[in-house]
Amino acid sequence: MAAPRIIMKLTVTAIRKEPGDVLVIDLKHPRKPLLPPFEPGSHVDVHLADGKVRQYSLCGDPGDLSRYTIAVKFEQTGRGGSSWIHQTVCPGFTLPVSAPRNHFPLGKSGGPALLLAGGIGITPILAMARALERRGRRYELHYFTRARALTPLLSEIQSALDPANVRLHFDDEPETRQDLQTLLSTRSSDPQLYYCGPPGFRAAVDRASAHWPAGTVHFEAFQPPEHDAAPPEPFTITLRDGTSVPVAADTTALAALRGAGVLLMASCENGVCGTCECGMLEGQPIHRDAVLTRQARDSRFIPCVSRAKGVLRLDL
Ligand code: FES
């Protein structure tokens, strides 16, 4: 289970609009000159006025701790967090923000990195590219969007990164398009793959990289993957002490466990932050999260969204 996270009340010091309905927000500590350090790929939890929590990647320079920078895309069909931020947040506003956490870290190997971003998925990828550039490591960034005019953070990419390392792909400019299957079909120089983007983009990269060896593919998600529309079915969780916890069809495993007195931390309750992750000992899980790697799916479980068939034994 994840440890509780420190919450800081940060001040919004600057906001700018970017193409694609994106707000880029700079946050500073009201008294301290420096914020806690963060690794590229990290995100923070932003606590909204209604008690909800949303995760945003830090897209600024990990070498500049005077501020954190997040980019928030307005999601028309989202759960209301981005809409609240777009309508409410302004310079001088105070936002409760957690200390950074990273479940999308850059590997330590000195080999090349292949960075793929779809739309607003550029946020953690940009921080990674900045860090790789500073460390003098080989990388190639491919950024996929619908149109140049709808592409957020483009000017920042062009000013902060070596253009030789950047490939831009716009759906409406056929000469820039790149087929993922072709891009990922061969692996030269033993690269590591990092990608982030909306569910359709992630699914396409996942398929195209299925032949890459275990441990070479890493991703970050802010929305759970799309699932079939089959209605959820009841199942049962058993705990280490033998207690059985029934999970009704209309309840999450997280709610059922809490109802049975199991103390579990949670944050997004949407399968994307990993806060509620727990160990799994036996059973047939139906993983519906966007956090666990293929390897972790054999022994870990995300109870806020995932379900199971029959009986699932958890390490709780
Ligand atoms: S609370 Fe975020 S993944 Fe479960």
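The name given to the protein chain in an unreviewed UniProt entry is Vanillate O-demethylase ferredoxin subunit, with the source organism recorded as Rhizobium loti.

S.K.: What am I meant to see in the packing of aromatic side chains here?
M.R.: Ring pairs (aromatic) are described by centroid distance and by the angle formed between their planes. Scanning all chains against the criterion turns up five aromatic pairs. Summarising the aromatic geometry, the rings of Phe-104 and Tyr-194 are spaced 6.1 Å apart at their centres and angled 65° between planes, so their arrangement reads as edge-to-face. Separated by 90 residues along the polypeptide, Phe-104 in the loop between strand E6 (94-98) and strand E7 (113-118) and Tyr-194 in strand E10 (residues 192-196) bring together distant segments of the chain. Across the pair, Tyr-194 and Phe-104 agree in class, each one buried. Taking the ring centre of Trp-212 as reference, the NZ or CZ of Arg-187 above it sits at 4.7 Å.

S.K.: What's the story with the pairing of E10 in this structure? I'm lost.
M.R.: Two faces, one strand: in a regular strand the side chains alternate between the faces of the sheet. With five of five residues buried, E10 is to be regarded as a mostly interior element. On E10, burial covers both faces: Gln-192, Tyr-194 and Cys-196 on one face and Leu-193 and Tyr-195 on the other are all buried. Pairing of E7 with E10, which is carried by five bridges, proceeds in the parallel orientation. Residue pairing across strands places Ala-117 opposite Cys-196, the latter belonging to E10. Taking the sense of rotation as the criterion, the β-α-β connection linking E10, helix H5 (residues 199-208) and strand E11 (residues 217-220) turns out right-handed.

S.K.: In this structure, what is going on with the sheet that holds strand E8 (residues 139-145)? I would like to understand it.
M.R.: Backbone-to-backbone hydrogen bonds join strands into a sheet, with any given pair of strands oriented parallel or antiparallel. Taken in spatial order, the five strands of this open sheet run E9-E8-E7-E10-E11, and their pairing is parallel. The open sheet has two free edges, formed respectively by strand E9 (166-170) and E11, since each of these has just one partner strand. Pairs of neighbouring strands in the sheet enclose a mean axial angle of 15°, with direction left out of account. Bridge count for E10 against E11 is four bridges, and the pairing is parallel. Residue pairing in the sheet places Leu-193 in a bridge with Val-217 of E11. Sheet strands touched by helix H2 (residues 122-135): E7, E8, E10 and E11. Its angle to E7, the strand with the most contacts, is close to 150°. Across the sheet, H5 lies against E7, E8, E10 and E11, angled at about 160° from E10, the strand it touches most.

S.K.: Looking at this structure, how should I read the sheet that holds strand E13 (residues 244-247)?
M.R.: Pairing is mixed across the open sheet formed by five strands, whose spatial order is E13-E12-E16-E14-E15. Strand pairing shows two members of the sheet lacking a second neighbour, E13 and strand E15 (300-301), which therefore form its edges. Pairing analysis gives three bridges linking strand E12 (residues 235-238) to strand E16 (residues 307-314), with the strands arranged parallel. In the sheet register, Ile-237 faces E16, and the bridge partner there is Leu-312.

S.K.: Hey, could you run me through the domain arrangement of the protein chain in this one?
M.R.: Accessible area lost upon the coming together of the parts is a frequently used measure of interface size. As far as domains go, the protein chain holds domain 1 (7-98), domain 2 (113-220) and domain 3 (235-314). Each of domain 1 and domain 2 was reduced to a C-alpha centroid, and the two centroids are 23 Å apart. Taking both sides of the interface into account, the surface hidden between domain 1 and domain 2 amounts to around 1400 Å²; carbon and sulfur atoms contribute 57%. Area buried by domain 1 at its contact with domain 2 is led by Pro-19, Pro-40 and Cys-59, which between them contribute 29% of it. The interface formed by domain 1 and domain 2 holds three salt bridges in total. A salt bridge links Arg-135 to Glu-39; its shortest N-O distance comes to 3.9 Å.

S.K.: Help me understand the environment of Leu-153, please; the structure alone is not making it clear to me.
M.R.: Along the chain, Leu-153 falls in the loop between E8 and helix H3 (154-160). Residue classification places Leu-153 among the buried positions, given a relative accessible area of 0%. Taking C-alpha positions, Leu-153 is 45 Å from Gly-261, a pair spaced 108 residues apart along the chain. Excluding residues within four positions of it along the chain, Leu-153 makes contact with Arg-16, Glu-18, Val-24, Ala-71, Ile-122, Thr-123 and Leu-126.

S.K.: Just to check I follow, could you spell out the pattern of salt bridges for this structure?
M.R.: Any two side chains of opposite charge can pair, on the condition that their charged atoms come close. As enumerated under the stated definition, the model contains 15 salt bridges in all. Between Glu-18 and Arg-16 there is a salt bridge, with its nearest N and O atoms 2.9 Å apart. Look at Arg-16 and you get partly exposed, because its relative accessible area is 33%. A salt bridge links Arg-67 to Asp-64; its shortest N-O distance comes to 3.3 Å. With relative accessibility at 33%, the residue Arg-67 sits in the partly exposed group.

S.K.: What is the right way to read the pairing of E8 from this model?
M.R.: Summarising burial for E8: six of the seven residues are buried, a large majority. Pairing of E7 with E8, which is carried by six bridges, proceeds in the parallel orientation. The partner of Leu-114 across the bridge, within E8, is Glu-140. After leaving E7, the chain enters H2 and then returns to the sheet as E8, a path that is right-handed. The sheet contact formed by E8 and E9 spans five bridges and is parallel. Counted as the bridge partner of Thr-145 is Phe-170 from E9. Considered for its hand, the β-α-β crossover made up of E8, H3 and E9 is right-handed.

Cut-offs and rules
Residues numbered from 1 in each chain as written. Predicted model: local features only at pLDDT ≥ 70, side-chain atom pairs only at ≥ 80, totals over all residues. Heavy atoms only, no water. Phe/Tyr/Trp six-rings, centres within 6.5 Å; stacked < 30°, edge-to-face > 60°. Helix = DSSP H or I, 4+ residues; strand = E, 2+ residues; numbered from the N terminus. Buried < 20%, exposed > 50% of the residue type's maximum accessible area, 1.4 Å probe, protein only. Lys NZ or Arg CZ within 6 Å of the ring centre and 35° of its normal. Pairing = 2+ DSSP bridges. Right-handed = clockwise from strand over helix to strand, strands pointing away. Axes fitted to C-alpha atoms, helices over the stretch in contact; angles between N-to-C directions. Contact = heavy atoms within 4.5 Å. Domains from an automatic or database assignment. Buried area = accessible area lost by both parts, 1.4 Å probe. Salt bridge = Lys/Arg side-chain N within 4 Å of Asp/Glu carboxyl O.

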